Amino acid sequence: MTETTTFLETPPIAIPLADDADTARIGAALGRALSPGDAVLLSGGLGAGKSALARAAISARLAVVGRKEDIPSPTFTLVQTYEADIPIWHADLYRLSVEDEVYELGLSEAFEMAAVLIEWPDRLGAAAPARALKVEMDFGPGGEGRIAVFQPCGPVWAPVIDALKAAI
């Protein structure tokens, strides 16, 4: 029997990402481990790798049902949706200026029925889900590579954290 990590034992996990291949590998592990109701909140500066990680997660989930498609950034559309074996929503809230705009996007419903990846989650305000996997993306030392820090908020993240650890 494999021992599963529990929330109480899981501190933030920092994963160095040397290059795009590392980002794709960790993103794919994340995507394959997501379930409906999971919210992944991707923070970090411009160019820190949020979109690349989200694209890898979405691509991996689409591959489960044999689909391959371009995954555009939702910067201008705000939300992109995908049908794989589970519904997936990818939102980029960078252009939102007031919290009320979040409610118009339908994210509260998506938080219940889909796996949701959100870039710039600070724009969610009070609409932020209590149960989320926070991911802070940053540049590596000396500007080399990236570092992704995963912080689970709630006990349901044990399988996802275990999948990320296995992918390291």
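Everything that follows concerns the structure shown earlier in this document.
Please read all numbers here as calculations on a predicted model, not as lab measurements. (Residues numbered from 1 in each chain as written. Predicted model: local features only at pLDDT ≥ 70, side-chain atom pairs only at ≥ 80, totals over all residues. Heavy atoms only, no water.)

**Q** Which parts of the structure should I look at to understand the nonpolar core?
**A** Soluble globular proteins tend to pack their nonpolar side chains together in the buried interior. Ranked by size, the top nonpolar core spans 33 residues in total, and within it Leu30, Val135 and Phe150 carry the most contacts. Of all elements in the fold, only β1 (13-17), α1 (20-33), β2 (39-43), α2 (50-64), β5 (115-119), β6 (132-139), β7 (146-153) and α5 (158-167) reach the threshold of two or more residues within this core. In terms of residue count, the dominant contributor to this core is α2 (five residues). Among residues more than four places away in sequence, those in contact with Val135 are Val40, Leu41, Leu42, Ser43, Leu53, Ala148, Val149 and Phe150. Judged by nonpolar contacts, the second largest core, of 19 residues, contains Ala91, Leu93, Leu124 and Ala132. (Core = buried A, V, L, I, M, F, W, Y, C linked by side-chain atoms within 4.5 Å. Buried < 20%, exposed > 50% of the residue type's maximum accessible area, 1.4 Å probe, protein only. Helix = DSSP H or I, 4+ residues; strand = E, 2+ residues; numbered from the N terminus. Contact = heavy atoms within 4.5 Å.)

**Q** Would you mind going over the pairing of strand β4 (residues 87-92) with me for this structure?
**A** Here is the key point about a regular strand: its side chains alternate between the two faces of the sheet. Burial of β4 is extensive: six of the six residues sit out of reach of the surface. In β4, alternate side chains face the same way, and those of Pro87, Trp89 and Ala91 on one face and Ile88, His90 and Asp92 on the other are all buried. Where strand β3 (residues 79-83) lies against β4, five bridges are found, and the strand directions are antiparallel. By the bridge assignment, Glu83 is partnered in β4 with Pro87. Between the end of β3 and the start of β4, which pair antiparallel, lie three residues. Of the strand pairs in this sheet, β4 and β5 are connected by five bridges, and their pairing is parallel. (Pairing = 2+ DSSP bridges.)

**Q** Explanation requested: the pattern of salt bridges in the structure shown.
**A** Two side chains that carry opposite charge are able to pair once their charged atoms sit near each other. What the rule picks out here adds up to five salt bridges. The shortest N-O distance in the salt bridge between Glu69 and Arg67 comes to 2.1 Å. (Salt bridge = Lys/Arg side-chain N within 4 Å of Asp/Glu carboxyl O.)

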